[in-house]
Amino acid sequence: MTADARLSEAMALLPDWLPHQHWFTGGRSAPLEVRPVAATLLHDGEPRVWHLLAEVTHADGADVYQVPLSVHTQRADRLDHVHLGHTADGHVYDALHDKEATAALLDHFADDAPRTAGLRFRVKPDVKVPYGEPSLVLPGEHHNTSLAYGNAALLKVFRRVDPGLNPDVELNEALTDAGSTLVAPFLGWVDGDWSGPGDDAPRSGSLAMLRGFLTTASDGWALATASVRDLYAEGDLHADEVGGDFAAEAYRLGMATARVHETLAEVLPSGTMAPSGLHELADAMTRRLDAAVATVPELEPFAIGLRSHYDVLRERTVEVAVQRVHGSYHLGQVLRTVLGWKLIDFEGELMAPAAERRAMHSPVRDIAQMLRSFDYAARHLLITDHPPDDPAHDQLAYRAHEWTQRNSEAFCAGYVSAAQLDPRDEPELLAAYETDTAVYEVVFEARRRPSWLPIPLAAVERLAGG
Ligand SMILES: Nc1ncnc2c1ncn2[C@@H]1O[C@H](COP(=O)(O)OP(=O)(O)O)[C@@H](O)[C@H]1O
Ligand SMILES: O=P(O)(O)O[C@H]1O[C@H](CO)[C@@H](O[C@H]2O[C@H](CO)[C@@H](O)[C@H](O)[C@H]2O)[C@H](O)[C@H]1O
């Protein structure tokens with residue numbers, strides 16, 4: 001059987017399998033077409049390991065996904081949960097969950113690894129790659145697949161890939177090179193080429209990123225929601241009176257955020273946005289709101305109030321300092337380690353076009369997003385444990401508001417202690433970015449977690465002045 005025939009048999013399994021993968025953003029029905037745009041045999045043994053980039057056409061367009069596959073001649077029971085099916089060549093599995101395949105993948109970082117046409121594995125100088133360490137896929141419903149190799153390194157394999165440098169690679173490398181200890185050390189990366197029938201020239205883009213593994217890390221969402229749970233358990237006490245007060249952490253997180261912004265402004269492009277740019281920004285936010293209203297009709301009653309925050313931007317005559325920012329900043333994107341807070345996942349908003357994800361913004365945008373996240377952390381138990389018909393709901397909603405206020409203030413105070421900028425001096429910019437984030441969240445929740453929709457809708461009502 002030729003390699004091409006083997007590959008097309010394995011490819012034929014993808015249309016049924018892809019829609020069930022949580023990282024697949026092309027909808028839950030079978031794609032219209034799946035075809036390879038790059039295929040490399042990474043390991044020709046048992047198992048055989050294919051590195052595969054597949055262009056997937058679905059109802060809303062076409063995207064390229066990275067789907068490494070491993071093929072075993074015998075069925076491997078331990079991999080049943082990632083079994084795509086059977087071909088004449090053997091049993092086909094998601095290679096990223098297959099320790100034998102992921103060992104072969106890591107080996108390609110070695111200097112003496114066989115050359116792979118169209119795939120480039122690079123490590124930073126003096127990095128020790130943990131060859132031989134078994135890998136474990138990090139649990140959770142993430143947009144990419146991250147493999148921990150022992151306690152030493154984490155390989156984040158991007159699932160949906162775009163041409164160009166992924167901002168997660170770009171910003172992590174820039175921050176590590178600048179000596180920042182506020183991100184996991186950047187160790188290396190993989191990029192590659194692909195091309196479809198209509199392409200004049202191959203496209204190239206980031207495929208994966210190798211970083212130091214942060215042991216002892218707890219994510220900000222887990223810590224913040226534990227604090228809120230403590231507060232709810234003591235319904236009569238204020239946020240500053242209960243054991244799990246989060247304000248000191250929020251303050252330190254504000255400081256870490258400011259320092260990362262400062263480094264990004266030093267080592268990557270920065271500039272100013274003139275009033276005409278602010279006008280365009282307001283127009284983009286308005287378009288996003290209009291599209292959101294069309295998708296989620298619950299937004300309609302608040303649309304006029306929300307637009308007023310964008311109109312204020314149009315009237316502004318003073319320019320705004322802009323730079324590269326995190327872009328999709330929330331409590332799930334920060335990890336608390338024994339050495340303090342670390343920021344992760346600089347990919348930007350997943351559904352935004354690649355160019356938009358690398359655009360410069362005021363750092364106030366990240367701050368607004370994190371303040372929205374404090375509101376989420378405070379309110380989500382109201383949805384899950386104390387819905388409106390619970391007698392404790394109103395009192396806990398009041399406590400939730402206090403928690404958000406306290407931690408937002410602490411975060412901003414921490415930020416200003418380490419930066420020139422006090423976000424509270426920019427209330428109009430903050431309100432516009434907060435509004436834009438809440439509108440985005442409404443669409444996100446309507447699609448992904450409808451039972452959480454009341455959280456951003458409550459914010460929308462407040463921001464609209466309702
Ligand atoms: N360097 C690291 N060390 C330890 N755990 C990490 C590290 N980076 C990320 N993680 C964990 O992996 C999860 C997913 O990482 P992230 O970069 O956000 O991927 P995704 O874009 O797929 O969501 C994070 O929520 C965090 O729990
Ligand atoms: O997975 P990403 O980091 O790319 O972000 C997406 O998923 C987030 C949810 O995991 C979503 O964030 C929203 O919910 C969070 C709580 O789960 C909350 O802390 C955030 O403030 C809120 O925006 C994010 O919007 C979405 O892009």
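All of these numbers come straight from a predicted model, not from anything done at the bench. One numbering rule holds for all chains: residues counted from 1, following each sequence as written. The lettering of chains begins at A and the numbering of ligands begins at 1, in the order of writing. Where totals are concerned, whole chains, interfaces and linings use all residues; where local detail is concerned, this predicted model gives features only for residues with pLDDT of at least 70, and gives and counts side-chain atom pairs only at 80 or more. Excluding hydrogens and water, the side-chain values take into account all heavy atoms of the structure.

## Description of the packing of helix α5 (residues 220-233) against helix α10 (residues 364-384)
For helices, the fitted line uses only the C-alpha atoms of the stretch in contact; every axis is such a line through C-alpha atoms, and the angle between N-to-C directions lies from 0 to 180 degrees. Numbered from the N terminus, helices here are DSSP runs of H or I no shorter than four residues, and strands are runs of E no shorter than two. Remark: α5 packs on α10, axes separated minimally by 9 Å, with the N-to-C direction vectors making an angle of 50°. The orientation of α5 with respect to α10, classified from their angle, is oblique. Two packed elements cross with a definite hand, and for α5 against α10 that hand is right-handed. Contacts from Trp221, Ala224, Thr225, Val228, Arg229 and Tyr232 of α5 reach α10 at Ser373, Tyr376, Ala377, Ala378, Arg379, His380, Leu381 and Leu382. Classifying every residue of the contact of α5 with α10 by side-chain character gives 9 nonpolar, 3 polar and 2 charged. Note on angle classes: values under 35 degrees are labelled roughly parallel, values over 145 roughly antiparallel, values of 65 to 115 roughly perpendicular, and the remainder oblique. Should the near helix be turned anticlockwise from the far one by less than a right angle, the crossing is left-handed, and should it be turned clockwise, the crossing is right-handed. The contact criterion used throughout is that any non-hydrogen atoms of two residues lie within 4.5 Å. For this classification, Asp, Glu, Lys and Arg are treated as charged, while Ala, Val, Leu, Ile, Met, Phe, Trp, Tyr, Cys and Pro are nonpolar and the rest, including Gly, are polar.

## Structural notes on the pairing of strand β18 (residues 340-343)
In this description, strands pair whenever DSSP reports at least two bridges between them. One ladder, built from 4 bridges, connects strand β17 (residues 334-337) with β18; its direction is antiparallel. The residue of β18 that forms the bridge with Arg336 is Trp341. In this antiparallel pair of consecutive strands, β17 and β18, the connection spans 2 residues.

## Some thoughts on the pattern of salt bridges
Here, a salt bridge means any side-chain nitrogen of Lys or Arg that lies within 4 Å of a carboxyl oxygen of Asp or Glu. Considering all chains together, one arrives at 37 salt bridges under this definition. Across the pair Arg120 and Asp193 runs a salt bridge, and its minimum N-O distance is 2.8 Å. Here Asp193 lies in strand β12 (residues 186-194) and Arg120 lies in strand β7 (residues 119-123), a separation of 73 residues in the sequence. Three labels apply to residues, based on accessible area from a 1.4 Å probe with only protein chains included: buried if under 20% of the type maximum, exposed if over 50%, partly exposed otherwise in between. Residue Arg120 is classed as partly exposed on the basis of its relative accessible area of 25%. Its relative accessible area of 24% is what places Asp193 among the partly exposed residues. A salt bridge links Arg307 to Asp290; its shortest N-O distance comes to 2.9 Å.

## Structural notes on unusual backbone geometry
At the junction of Glu46 and Pro47, the peptide bond is cis and its omega measures out at 0° in the coordinates. Here Pro47 lies in the loop between β1 (33-43) and β2 (48-58). In this structure, Asp126 is a non-glycine residue whose phi angle is positive, near 65°. Within the secondary structure, Asp126 sits in the loop between β7 and β8 (135-137). Residue class for Asp126 comes out exposed when judged on its relative accessible area of 81%.

## Examining the site of ligand 1
Of all residues adjacent to ligand 1, which total 16 residues, the nearest are Asn144, Lys156, Gly212, Leu214 and Asp345. Within the contact set of ligand 1, an oxygen atom lies 2.8 Å away from a side-chain nitrogen or oxygen of Lys156. Under the rule applied, a polar contact is a pair of N or O atoms within 3.5 Å (in protein, one hydrogen donor and one hydrogen acceptor; residues adjacent in sequence only if both atoms are side-chain atoms). Backbone polar atom of Leu214 to a nitrogen atom of ligand 1: 2.7 Å apart, as the coordinates give it. Per-residue and other accessible areas follow the Shrake-Rupley method at a 1.4 Å probe size, with only the shown protein chains counted as cover for residues. Taking 550 Å² as the accessible area of ligand 1 by itself, protein coverage stands at 89%. Put simply, the parts of the chain that give the shell around ligand 1 at least two residues each are β10 (153-157) and β13 (203-212). When we say a residue is near a molecule or strand, we mean one of its heavy atoms is within 4 Å of it.

## Re the domain arrangement of the chain
Domain start and stop points were drawn from an automatic or database domain assignment. Assigned domains of the chain: these are domain 1 (3-212) and domain 2 (218-463). Once you take the C-alpha centre of each, domain 1 and domain 2 turn out to be 32 Å apart. With 22 residues of domain 1 in contact, the opposing surface of domain 2 contributes 22 residues. In short, buried area is how much 1.4 Å probe accessible area vanishes from two parts on joining, totalled over both. Between domain 1 and domain 2 lies a buried interface of about 2000 Å² when both sides are counted; carbon and sulfur atoms form 60% of it. There are 5 salt bridges connecting domain 1 and domain 2. One can count 11 residue pairs in polar contact (both at pLDDT 80 or more) joining domain 1 with domain 2. Counting residues per element, the side of domain 1 that touches domain 2 draws most heavily on helix α4 (residues 167-177), which supplies 7 residues. Per-class residue counts for the side of domain 1 that touches domain 2 are 9 nonpolar, 7 polar and 6 charged.

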